[in-house]
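These are the residues of each chain, in order.
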Amino acid sequence: MDALRILIVDDEEELVSALEERLYLRGFQAKGVTTGEEALAYLAAEPCDVVLLDVKMPGLSGLEVIKRIKEKTPSPQVILLTGHSSVQDAERGMGLGAFDYLMKPVKIEELIRVLRSAGAGKGAGGAGEP
């Protein structure tokens, strides 16, 4: 089976790098970008199973990005990730088609569980256990 293809979108470069490495070590194909614009350009060129998307970013917000993703390429599941708890953002994100909404810092085991659930039927979901 093919590894689950994850796109990580977060303006925190260190977080993106760390998640790319941790997901790769667990058998996922992970690519990270730091802006909403980069995410949309990447998705226009490359297939992806799951998008891990920060809600609060400069430029295009995560909520604007999920709206555009669902308009253009509705197939990837989107998991929203934020360090700023907001019931309103969670409700808006879920209303726009998000699969789930996670708070930073998220434990890697919880993230892996949600990624596998979101990608069920799309790929292997990672080879190893967390």
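Residues numbered from 1 in each chain as written. Predicted model: local features only at pLDDT ≥ 70, side-chain atom pairs only at ≥ 80, totals over all residues. Heavy atoms only, no water.

Side note on the pattern of salt bridges
Following the criterion strictly, the structure yields seven salt bridges and no others. The shortest N-O distance in the salt bridge between Arg 68 and Glu 64 comes to 2.9 Å. With Arg 68 and Glu 64 both in helix H3 (residues 62–72), this residue pair falls four residues apart, about one helical turn. The class for Arg 68 is partly exposed, based on a relative accessible area of 30%. The salt bridge involving Arg 113 is made with Glu 110; its shortest N-O contact spans 2.7 Å. Linking Arg 113 with Glu 110, this pair stays in helix H5 (residues 108–118), spanning three residues, or about one helical turn. The exposure class of Glu 110 is partly exposed, given its relative accessible area of 31%. Because the salt bridges share partners, they merge into one network encompassing Asp 10, Glu 12, Asp 54 and Lys 104. (Salt bridge = Lys/Arg side-chain N within 4 Å of Asp/Glu carboxyl O. Helix = DSSP H or I, 4+ residues; strand = E, 2+ residues; numbered from the N terminus. Buried < 20%, exposed > 50% of the residue type's maximum accessible area, 1.4 Å probe, protein only.)

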